[in-house]
Amino acid sequence: MMAFLKLLARNRLALAGLIVIGMVVVLALITPLLPLADPDVTDTPNRFKPPFSEGAILGTDHLGRDLLSRLMWGTRLSLAMGLAAAIIAATIGSAIGIIAGYYGGRTDNIIMRGVDMLMAFPYILLALAIVAALGPGLMNALIAVAAVNVPFFARNIRGITVGIAHKEFVDAARLAGMRDREIIVAEVLPNVLPVIVIAMSTTVGWMILETAGLSFLGLGSQPPQADLGSMLGEARSALITNPHTSIVPGAMILIIVMAINLLGDGVRDALDPRLKSGALSRPMPATTVDRQGAVPAAKTESLLDIAGLRTEFRVRDRLYKAVSGVDLHVEKGECLGIIGESGSGKSVTALSVMGLVASPPGVITGGAVHFDGKEIIGAPYEVLRSLRGRRVAYIFQDPLATLHPLYKVGDQLIEAIQSHDSVSSADARSRAIGLLKSVRIPNAESRIESYPYEMSGGMRQRVGIAMALANNPDVIIADEPTTALDVTVQAQILSVLSDLRRERGLAIIFITHDFGVVGQLCDRVAVMYAGQIVEEGPTAAVLRNPQHPYTSRLIDCVPTLGGGQRKLSAIPGLPPVVDNLPVGCAFAERCDKAHADCRAGPVELVKTEEARKTRCLFPEVVSERSA
Amino acid sequence: MTEAIKLTGLSKSFPVGKRLFGPPKAMVHAVEPLDLTVKIGETLGIVGESGCGKSTLAKMLVGLLPPTTGQIEIEGAVLDNADPAIFGKRIQYVFQDPISSLNPRKTIRQIMEVPLRRLHNLDKTARAARIREIFAAVNLREEFLDRYPHEFSGGQAQRIGIARALAAEARILILDEPVSALDVSVQAQVLNLLADLKKEFGLTYLFISHDLAVVEAVSDRVAVLYFGAIVEVGAARDIFANPRHPYTALLAQSAPEVGRPIAAPETAETELPDPMSPPLGCAFNERCAFASDRCRREKPALAADGSGRDFACFNPLAASQEDG
Amino acid sequence: MTGYILKRLVSAIPVLLGISVIVFLIMAMIPGDPATAILGSYATPENVEKLNRDLGLDQGLVPRYFIWLGNMLQGDFGRSFALNRPVLDEVLDRFGATLILAGTSFVLCSVLGIAAGVISAARQYGFADKAITFVVLLGISIPSFFLGMMMILIFAVQLRWFPVSGMWPIYGDRNLWVLMDHLAMPAFALAVVATGVIARLARSAMLEVLRQDFIRTARAKGVHERRVIWRHALRAAMVSIIPILGIQAGFVLSGAVYIEMVFQWPGVGRMLVDAILKRDILLVQGGVVFIAACYVLFNIMVDVAQALLDPRIKT
Ligand SMILES: Nc1ncnc2c1ncn2[C@@H]1O[C@H](COP(=O)(O)OP(=O)(O)OP(=O)(O)O)[C@@H](O)[C@H]1O
Ligand code: SF4
Ligand code: SF4
Ligand SMILES: [Mg+2]
């Protein structure tokens with residue numbers, strides 16, 4: 001609750017809205033106590049007095065009634081009506097929505113058909129019909145506005161409830177012995193409540209407008225009683241001669257509704273957890289670069305050389321150092337594996353190369369990437385764009401999410417080709433078919449017309465690979481391309497990749513967390529932990545004689561087929577969170593060889609053997625394992 | 001009675017294209033009628049690829065999904081899912097996604113108390129004492145009790161999930177991919193914890209996973225599921241080394257292994273059949289190198305071969321020559 | 001696609017029936033004897049008897065509904081006693097004016113709203129975004145009838161750019177230019193709220209889509225950013241914007257009631273309000289059913305547009 005208020009207060013516009021609406025509400029509450037003229041007493045001789053006249057600060061209306069007094073009483077009534085309508089509609093609508101969403105099936109179907117019918121009316125028609133039947137009047141207008149809004153709440157809340165009712169914690173509650181009614185109250189409702197509050201706070205303003213509208217039409221509050229809508233309605237005939245009688249109530253509605261909307265947006269932002277992390281910001285076309293210190297030179301002559309790369313995420317007051325000083329290089333035609341646990345910075349390293357890290361919140365704060373001898377971090381957008389896909393291509397993890405759902409795969413391939421090569425569509429199309437064939441998609445000519453959702457996971461990933469090949473790139477960066485797939489399909493995809501690589505002399509950076517895959521596919525491997533490379537070397541050597549304690553213990557953790565039923569060796573503890581890294585060795589907390597020196601200061605990645613590097617003060621002795 | 005779980009003819013079909021009234025347009029058979037037993041104190045592993053019906057089977061076992069046909073016996077008594085408070089004490093479930101199985105708006109203590117209160121009617125002090133015991137058993141610190149689920153890592157959340165299942169005091173646990181959301185270094189911790197708990201409390205596990213190596217490491221026996229049906233059952237120690245069913249063999253050869261060269265174990269570039277139009281005969285026939293005409297007409301039934309192995313195939317691979 | 005359209009048309013039948021039931025039930029809530037209520041000041045004994053005979057008002061609810069439905073299906077929506085002419089004639093006379101007003105506004109708010117939303121999202125937190133966000137907030141907070149009145153004051157009375165009200169001049173030619181001159185203010189006033197709503201939703205739909213993986217894929221392919229926004233992102237965002245357009249069309253039709261009052265536009269909305277105040281029940285009933293039916297048909301067009309856009313919808 002406190003956190004919520006703090007978040008709300010942080011939003012200046014919402015705070016302004018809160019203050020304004022707070023003042024209006026207080027004034028409305030104390031209206032009966034104020035020394036105001038009677039709002040309903042007519043005084044025709046004094047009609048249409050202009051504002052700032054004596055005895056009537058805001059002037060008088062067409063019957064000589066004091067406008068200020070009517071405004072205050074009218075505001076009071078309008079606020080009460082809007083709020084009452086919102087509460088009634090929210091309560092009934094949410095109850096219907098929760099029941100339909102939770103029980104699902106036929107209950108849901110029947111309720112929602114009814115709701116759909118109500119929503120098939122332009123809303124005011126329903127309200128007019130209700131008022132027509134019940135007769136014009138304040139209460140009837142209130143009923144009409146509330147009734148018309150029930151379906152909106154019902155539908156909205158049902159959607160949320162369906163999502164929650166299928167969450168695993170609901171199943172867990174059932175297995176813990178809870179019954180439906182208890183689950184609705186104790187498990188579902190607390191999760192739906194914020195949404196109800198959001199829906200209410202964003203609709204109260206709307207409800208005030210609607211009730212005012214009915215009164216404006218003469219169907220709501222009846223004379224002499226004033227609400228803001230009826231004041232405006234009565235003033236309409238004198239609009240041209242005495243505009244102030246219209247402007248006063250109209251401006252008041254505007255102020256109230258605007259304040260409520262500002263506040264409502266603030267409430268929504270504060271309650272919606274996705275907004276809390278700043279996640280709803282749009283990623284820029286290229287990652288922001290904010291390099292401190294000198295740009296390092298390339299350490300090797302390789303095709304792609306990453307030197308001292310640092311990438312951070314700046315989220316509110318936190319700083320996540322996802323990648324802190326990575327040196328990597330890949331030669332022409334070579335396959336480099338990057339292996340590490342979740343969150344170790346593999347993807348961020350890979351995405352940084354072509355400036356694809358989501359930004360905000362990502363920022364590249366140091367290091368250099370040399371491609372073919374040229375430095376490309378911080379290169380102008382057009383330079384990056386022409387390299388992307390043409391010289392350096394990517395394959396991503398989840399092929400369903402990474403292909404555009406609404407375009408045919410053929411069109412997506414053709415687009416990839418035409419982005420860098422001005423060829424005719426017919427040529428591009430035949431090239432696309434060729435690409436599909438090269439990744440062994442059966443019936444390529446007809447498959448080119450398929451949408452991604454019509455394909456299986458493996459076929460989609462083949463399309464992803466074909467797309468990466470579209471412009472004959474020099475380097476392919478594959479970020480866990482087979483993790484989302486089943487083992488049998490993974491085997492098919494790996495064989496496709498490995499054949500293509502040999503045929504085309506591609507350099508591949510292959511990211512994975514599976515030692516088996518690295519062992520089969522990669523020439524060299526780099527092991528990442530907490531945003532740094534901790535060990536690097538030829539795959540066979542690293543896997544056989546790991547030098548860093550982390551590598552060695554990680555290999556032991558992984559069960560391999562054929563080992564039989566057994567106890568596994570585990571690494572105690574958890575990887576460090578990258579917003580709070582220790583000064584010394586990041587693995588020290590979990591390492592059984594840790595020494596005071598390890599924690600004293602940064603440990604460097606040093607060469608231990610020909611072509612091997614390790615970031616450890618006490619590397620494992622080779623003979624330990626080779627036995 | 002030595003059977004913890006006994007399934008006879010258990011199956012589940014889902015209607016697709018539901019209408020408001022009248023029958024649905026089609027049925028998808030998520031689990032074909034199957035028979036299976038799990039002995040008391042045993043760990044039975046179930047492997048299969050995504051969509052083969054693993055979770056559907058698991059959910060039926062704990063009463064979260066009503067079976068279409070067949071019967072489930074738990075410790076000799078037929079499962080009656082009318083009252084969650086009764087079967088909750090006999091069989092419990094550990095979920096795949098540890099975070100989403102905990103209600104984000106409840107503290108860990110509130111979550112832990114539900115089964116104790118609902119299933120065992122313990123009073124407040126008894127509940128606190130019991131929670132302390134269970135937390136000690138799963139190596140969790142008591143200070144975690146007053147925190148909310150989002151403050152935990154996947155591994156910790158999964159321990160909490162296991163603790164909740166233990167609180168029900170069921171002797172049978174269904175573990176539905178309990179470590180597949182976890183990192184390898186944490187995965188080993190949780191697997192070892194499960195092994196310790198089993199010994200300490202004499203539990204029976206049904207362990208579901210898509211990772212052959214993990215299943216082999218924890219199970220006594222393994223059942224291989226393909227397209228909603230069991231295709232092979234046998235002792236964990238040799239089912240992958242000496243598979244009889246071609247699909248088991250394919251799985252075993254597909255698992256990436258250091259030192260084995262990459263080569264696609266299948267020549268056909270095909271995947272799972274479409275559940276809306278299942279193939280005639282053996283569901284595996286489109287991918288199978290040994291398929292004969294009979295395979296395209298008839299469905300093979302699961303049958304024992306006498307050596308403790310059951311498989312469903314007309315042209316099985318040769319039994320091993322017992323290589324020592 | 002033709003099959004899909006037919007299917008949607010057929011599925012509209014139960015909705016239309018549902019609408020008629022809802023309207024019928026609401027009207028059945030009128031307290032007292034229905035014939036007297038409907039006739040109001042025209043309730044002579046002969047009239048009451050005739051109405052009871054024609055509409056079966058002395059019978060139970062169910063037969064009454066079917067008599068009413070049967071009449072409507074034959075094009076007989078009843079008779080307005082206040083205007084002394086068939087309801088359908090009156091509604092059809094007025095419907096054209098509403099269609100011109102609401103249709104123009106709808107096109108206006110769709111185009112402006114989507115464009116504003118996309119620009120706002122593409123320039124998130126930039127000046128354009130802030131300006132658009134503020135204008136949009138103002139737009140959704142101002143009552144359309146008040147806006148209309150202020151526009152009359154400023155643009156018609158003070159600046160004399162547009163005529164104060166009405167659809168046609170009392171004297172003079174009736175051509176397109178004259179119509180546009182009269183239409184400009186009401187159409188704009190009516191479009192403001194819906195533009196704001198659409199712009200907001202379009203902005204958040206775009207922001208949602210821009211974070212998706214397939215946008216990163218497009219960028220990784222080297223697709224130009226302009227194309228990423230206007231092709232990849234907008235196309236995907238349209239899937240959630242189009243249903244909003246359908247709902248907003250309902251709001252535009254609703255808002256037309258106020259705008260027709262303010263600008264003296266001779267449409268159905270004004271007719272309905274007058275009818276309610278005069279307690280001309282049959283005119284209200286007929287008018288509501290007629291417009292609701294048109295709106296249902298419009299929503300079928302929205303569904304078809306959605307199906308054309310999203311191949312995942314089974315056609
Ligand atoms: N958008 C983001 N906002 C904030 N932090 C982020 C963001 N993306 C990544 N991070 C942080 O960067 C670190 C590295 O993440 P990265 O995705 O590179 O890991 P990974 O090694 O690829 O893991 P996985 O195996 O799960 O793919 C993580 O600790 C994560 O918290
Ligand atoms: S530097 Fe020290 S703590 Fe770090 S891995 Fe090496 S031995 Fe362990
Ligand atoms: S039954 Fe036939 S098709 Fe099926 S697995 Fe055996 S050999 Fe292959
Ligand atoms: Mg990653």
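Residues numbered from 1 in each chain as written. Chains lettered and ligands numbered in written order. Predicted model: local features only at pLDDT ≥ 70, side-chain atom pairs only at ≥ 80, totals over all residues. Heavy atoms only, no water.

Counting its secondary structure elements, chain C contains 12 helices and 2 strands. From first element to last, N terminus to C terminus, chain C shows the α and β order α-α-α-α-β-β-α-α-α-α-α-α-α-α. When burial is assessed residue by residue, chain C has 54% of its 315 residues classed as buried. In chain C, once contacts between residues fewer than 6 apart in sequence are set aside, the share between residues at least 24 apart is 71%. Of the roughly 14000 Å² of accessible surface on chain C, a fraction of 66% belongs to carbon and sulfur atoms. Averaged over its 27 positive side-chain charges, chain C has a centre that lies 15 Å from the centre of its 20 negative ones. (Helix = DSSP H or I, 4+ residues; strand = E, 2+ residues; numbered from the N terminus. Buried < 20%, exposed > 50% of the residue type's maximum accessible area, 1.4 Å probe, protein only. Contact = heavy atoms within 4.5 Å. Areas by Shrake-Rupley, 256 points an atom, 1.4 Å probe, with all protein chains shown as cover. Lys, Arg positive; Asp, Glu negative; His and termini not counted. Charge placed at Lys NZ, Arg CZ, Asp CG, Glu CD.)

Tallying the contact residues gives 72 residues for chain B and 68 residues for chain A. Summed over both partners, the interface of chain B with chain A buries about 5700 Å², with 56% contributed by carbon and sulfur atoms. Between chain B and chain A we count 3 salt bridges in total. The partner of Glu 182 of chain A in a salt bridge is Arg 118 of chain B, and the shortest N-O contact between them spans 2.6 Å. Here chain B is connected to chain A by 20 residue pairs in polar contact (both at pLDDT 80 or more). Of all the secondary structure elements, the ones that give two or more residues to the side of chain B that touches chain A are α2 (84-87), β6 (91-94), α3 (108-120), α5 (154-167), α6 (184-201), α7 (212-218) and α9 (246-254) of chain B. Per element, the largest residue contribution to the side of chain B that touches chain A is 9 residues, and it comes from α6 of chain B. Grouping the amino acids of the side of chain B that touches chain A by side-chain chemistry returns 35 nonpolar, 18 polar and 19 charged. (Buried area = accessible area lost by both parts, 1.4 Å probe. Salt bridge = Lys/Arg side-chain N within 4 Å of Asp/Glu carboxyl O. Polar contact = N/O pair within 3.5 Å; in protein donor to acceptor, adjacent residues only side chain to side chain. Nonpolar A, V, L, I, M, F, W, Y, C, P; charged D, E, K, R; others polar.)

Attention now moves to the domain arrangement of chain B. All names here are of chain B. For chain B, the assigned domains read domain 1 (3-18 + 27-219) and domain 2 (245-324). Computed over C-alpha atoms, the centres of domain 1 and domain 2 are 30 Å apart. Contact with domain 1, which involves 6 residues of that partner, is made by 8 residues of domain 2. Overall, the association of domain 1 and domain 2 removes approximately 630 Å² of surface from exposure, summing both partners, and the carbon and sulfur fraction of that is 68%. In terms of surface lost to domain 2, no three residues of domain 1 exceed Val 28, Glu 49 and Leu 212, which account for 61% of the buried area on that side. Linking domain 1 to domain 2 there are 1 salt bridge. Close ionic contact of Arg 287 with Glu 49 constitutes a salt bridge, the shortest N to O distance being 4.0 Å. (Domains from an automatic or database assignment.)

Here we come to the sheet that holds strand β12 (residues 310-311) of chain B. Residues and elements named next belong to chain B. Reading across from one edge, β6-β7-β8-β3-β9-β10-β12-β11 is the order of the 8 strands in this open sheet, with mixed pairing throughout. Since the sheet does not close on itself, it has two edges, and those belong to β6 and β11 (303-304), each with one partner. Across the sheet, α9 lies against β9 (221-226) and β10 (229-235), angled at about 100° from β9, the strand it touches most. (Pairing = 2+ DSSP bridges. Axes fitted to C-alpha atoms, helices over the stretch in contact; angles between N-to-C directions.)

All names here are of chain B. Here Arg 127 shows up in helix α4 (residues 124-137). A relative accessible area of 10% means that Arg 127 is categorised as buried. Separated by 3.0 Å, the side chain of Arg 127 and the backbone oxygen of Leu 122 make a polar contact. Apart from residues no more than four positions distant in its own chain, Arg 127 is found in contact with Glu 113, Leu 116, Arg 117 and Leu 122.

As a structural note, the neighbourhood of ligand 2 is formed by His 548, Pro 549, Cys 585, Phe 587, Ala 588, Cys 591, Lys 593, Ala 594, Cys 598, Cys 616, Leu 617 and Phe 618 of chain A. Tallied by class, residues from the shell around ligand 2 come to 10 nonpolar, 1 polar and 1 charged. (Near = heavy atom within 4 Å.)

Moving on: the interface of chain A and chain C. Across the contact, 78 residues belong to chain A and 80 residues belong to chain C. In total, about 7100 Å² of surface goes out of reach between chain A and chain C, with carbon and sulfur atoms giving 72% of it. When the buried area of chain A at its contact with chain C is split by residue, Arg 282, Leu 406 and Glu 415 of chain A rank highest and sum to 10% of it. Inspection of the region where chain A meets chain C yields 4 salt bridges. When the shortest N-O distance is used, the salt bridge between Glu 225 of chain C and Arg 282 of chain A registers 3.2 Å. Along the contact surface separating chain A from chain C lie 24 residue pairs in polar contact (both at pLDDT 80 or more). Contributing elements (two or more residues each) for the side of chain A that touches chain C: α4 (105-119), α5 (123-134), α8 (180-216), α10 (244-271), α13 (381-387), α14 (399-402) and α15 (409-418) of chain A. Its residues assigned to classes, the side of chain A that touches chain C comprises 56 nonpolar, 13 polar and 9 charged.

A few words on the site of ligand 1. Residue and element names in this part refer to chain A. Near ligand 1 there are 14 residues, and of these Ser 342, Gly 343, Lys 346, Ser 347 and Val 348 occur at the shortest range. Note that an oxygen atom of ligand 1 is positioned 2.6 Å from one of the side-chain N or O atoms of Ser 342. Here an oxygen atom of ligand 1 and a backbone polar atom of Ser 344 are 3.2 Å apart. Elements with a minimum of two residues in the shell around ligand 1: β2 (304-315) and α12 (346-353). With 3 residues, α12 is the single largest residue contributor to the shell around ligand 1. The residue makeup of the shell around ligand 1, split by class, is 6 nonpolar, 5 polar and 3 charged.

The end-to-end C-alpha distance of helix α18 (residues 457-469) of chain A is 19 Å, a good match for the 18 Å that 13 residues give at a rise of 1.5 Å each. Three or more residues of α18 of chain A are buried, namely Gly 458, Met 459, Arg 460, Gln 461, Arg 462, Val 463, Gly 464, Ile 465, Ala 466, Met 467, Ala 468 and Leu 469 of chain A. (Expected span 1.5 Å × (residues − 1).)

Time to look at the sheet that holds strand β2 (residues 26-39) of chain B. In sheet architecture, strand pairing relies on hydrogen bonds along the backbone and comes in two forms, parallel and antiparallel. Residue and element names in this part refer to chain B. In space, the 4 strands of this open sheet follow the order β2-β1-β4-β5, with antiparallel pairing throughout. A single partner strand is all that each edge strand has here, and the edge strands are β2 and β5 (77-78). In this sheet, β2 lies alongside strand β1 (residues 3-16) in antiparallel orientation, the contact comprising 10 bridges. Paired with Lys 6 across the two strands is Thr 37, which belongs to β2. Sitting on the sheet, helix α1 (residues 54-61) is in contact with β1, β2 and β4 (69-74), with an inclination near 120° to β1.

This paragraph deals with unusual backbone geometry. Cis geometry is adopted by the peptide bond preceding Pro 224 of chain A, which originates at Pro 223 of chain A and carries an omega value of 5°. Following Ser 359 of chain A, the chain continues to Pro 360 of chain A via a peptide bond in cis, the omega torsion being 0°. Relative to the assigned elements, Pro 360 of chain A resides in the loop between α12 and β5 (362-371). With phi around 45°, Glu 480 of chain A is a residue other than glycine that occupies positive phi space. Tracing the sequence through the fold places Glu 480 of chain A in the loop between β8 (475-479) and α19 (487-504). Of note, Glu 169 of chain B is a non-glycine position whose phi angle comes to about 60°, a positive value.

The next point concerns the packing of α8 of chain A against α10 of chain A. Residue and element names in this part refer to chain A. Running from amino to carboxyl end, α8 crosses α10 at an angle of 170°, the nearest separation of the two axes being 8 Å. In terms of orientation, α8 and α10 fall into the roughly antiparallel class. Between α8 and α10, the residues in contact are Pro 194, Val 197, Ile 198, Ser 201, Thr 202, Val 204, Gly 205, Ile 208, Leu 209 and Ala 212 and Ile 253, Ile 256, Val 257, Ile 260, Asn 261, Gly 264, Asp 265, Val 267, Arg 268 and Leu 271, respectively. Across the contact of α8 with α10, the residue classes tally to 13 nonpolar, 5 polar and 2 charged. (Parallel < 35°, antiparallel > 145°, perpendicular 65-115°, else oblique.)

Moving on to helix α3 (residues 45-55) of chain C. Residue and element names in this part refer to chain C. For α3, the full list of buried residues reads Val 48, Leu 51, Asn 52 and Leu 55. Along the axis of α3, the buried positions cluster into a sector of 100°, meaning they face one direction only. Turned more than 90 degrees off the buried face of α3, the exposed positions are Glu 46, Glu 49 and Arg 53. The inward-facing, buried residues of α3 contact α2 (34-39), α4 (61-73) and α12 (281-309). With its phi angle positive at about 65°, Gly 56 sits one or two positions after the end of α3. (Arc of directions from axis to C-beta.)

Core analysis: the largest hydrophobic core is formed by 177 residues, its most contacted members being Phe 121, Phe 216 and Ile 256 of chain A together with Leu 272 of chain C. With 21 residues, the single largest contributor to this core is helix α10 (residues 225-262) of chain C. Those residues in contact with Ile 256 of chain A that sit more than four places away from it in its chain are Ile 21, Val 24, Thr 75, Leu 79, Ile 208 and Leu 228 of chain A. Grouped together as the second largest cluster of nonpolar side chains are 129 residues, Leu 494, Phe 515 and Leu 543 of chain A together with Ala 255 of chain B included. (Core = buried A, V, L, I, M, F, W, Y, C linked by side-chain atoms within 4.5 Å.)

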